[in-house]
Amino acid sequence: MRTMIVTGTGTGVGKTVVTAAVAALAAAAGERVVVVKPAQTGIEPGAPGDLADVERLTGGRVATLELARYPEPLAPATAARRSGLPPLRVEEIEKSVRAIGDADLVVVEGAGGLLVRINDDGETLADVATALDAPVLVVATAGLGVLNAAALTAEALATRGIRLEGVVVGAYPAEPDLAERTNLDDLPEVTGAPLLGVLPADLGGADPEDFETAARCGLHPVLGGRWDATVAVRQTPTVRPPNSRSDA
Ligand SMILES: Nc1ncnc2c1ncn2[C@@H]1O[C@H](COP(=O)(O)OP(=O)(O)OP(=O)(O)O)[C@@H](O)[C@H]1O
Ligand SMILES: [Mg+2]
C-alpha cells in the first residue's frame, strides 16, 4: 500500500481537486484508492466536505475516510479547542491509515498548509508524514507570491527529512499573466522538486469523465498522467540583458 500526503502553499489552493485527480487516475488504472481527510474544518456535521468533492469528481470510484470535523473555518487545533470537541492526535491518524488494509493507494489531504496545527501540542501534517514515512505532494497556486510559500514548505520538509515528491499547480488560468508563466519555471528551482502537473482552472463543474481526462492531461506520469513538463513549461519568453551572449 502506497501512501501520499497532499499539502499546499495555503488554504483553498486546490488540494482537494489535485487529490481527486491523483485518485481518479489510480482508480482508472485499477487501483483500490482511499482518500483520507483527517480533519475537516469549516463544515457543519452532515454537510458535504472535501471528501464529497472527491467522490463527485471521481464518480464515486474511490473510498473516503474523514476522522474529525469541526464547524468553524479555522486551523484544526483552534477549531477543536473552540468547539470543545477532542482534537486529533498524529498517532490516531497514523493508526487509522495503517488500518486501511485493502487499498493500493491512500491519499491523505491535510488542512491548509504543512505546519497548520492539528492540536495544541503543536502536531502538524508534517508529523503525519513522518509517522507514516510517506512522501508529500505540494499543491501550489499559480500566481505571484507562491514562490516564497513553496520554498518555505520545501525547506520545512527537508529539515524534517520528509521526501517532497513534487509540486502541482492546482488551478492554472487559461490566460496566464507573467508571474503565472514564469512560476512554472521557478517552482522546481525554489523547491528543488519536480513540477508534477498543472491542472486547468475550469474543473469546478467537470463530470467524472471530463475530470479524468483533465487529470490525465494535467498530471505527470509519476502521478499516472501524461502531462509533459518540457512542452508545458516552454512558454516563458526569456528576456536577456542587452550584452549577454547566447552561449554564455
Ligand atoms: N482546477 C480547478 N478548477 C476549478 N475549480 C477549482 C480548481 N482548483 C480548485 N478549484 C476550486 O477552488 C476552491 C478551492 O479548491 P480546493 O477545495 O481544491 O482547495 P483546498 O486546497 O483543498 O482547500 P482547503 O484548504 O479548504 O482544503 C474550490 O471551490 C474548488 O472547486
Ligand atoms: Mg480541500
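Residues numbered from 1 in each chain as written. Chains lettered and ligands numbered in written order. Predicted model: local features only at pLDDT ≥ 70, side-chain atom pairs only at ≥ 80, totals over all residues. Heavy atoms only, no water.

J.: Residue-level account of the pairing of strand β1 (residues 2-8), with values.
T.: Among the seven residues in β1, six count as buried, and that is most of the element. Pairing between β1 and strand β4 (residues 105-109): five bridges, direction parallel. Its bridge partner being in β4, arginine 2 is matched across the sheet by leucine 105. Taken together, the four bridges between β1 and strand β5 (residues 136-140) define a ladder with parallel strand orientation. When the sheet's bridge partners are listed, threonine 7 is paired in β5 with valine 138. (Buried < 20%, exposed > 50% of the residue type's maximum accessible area, 1.4 Å probe, protein only. Helix = DSSP H or I, 4+ residues; strand = E, 2+ residues; numbered from the N terminus. Pairing = 2+ DSSP bridges.)

J.: Tell me about the side chain of threonine 9, residues and numbers included.
T.: Residue position: threonine 9 is located in the loop between β1 and α1 (15-28). A polar contact of 3.4 Å, which involves the side chain of threonine 9, links it to the backbone nitrogen of threonine 141. Once residues lying within four places of it in the same chain are set aside, the contact partners of threonine 9 are Val138, Val139, Ala140, Thr141, Val146, Ala149 and Ala150. (Polar contact = N/O pair within 3.5 Å; in protein donor to acceptor, adjacent residues only side chain to side chain. Contact = heavy atoms within 4.5 Å.)

J.: Which residues make up the sheet that holds β1, and what are the values?
T.: The strand order β3-β2-β4-β1-β5-β6-β7 describes an open sheet built from seven strands, whose pairing is parallel. The sheet terminates laterally at β3 (63-70) and β7 (195-200), the two strands that pair on one side only. Adjacent strand axes in the sheet meet at a mean angle of 20° when their direction is disregarded. Where strand β2 (residues 33-41) lies against β4, four bridges are found, and the strand directions are parallel. Its bridge partner lying in β4, valine 35 is registered against valine 107. This element, helix α3 (residues 76-83), spans β2 and β3 of the sheet and lies at about 55° to β3. Running at roughly 165° to β1, helix α5 (residues 125-132) makes contact with β1 and β5 of the sheet. (Axes fitted to C-alpha atoms, helices over the stretch in contact; angles between N-to-C directions.)

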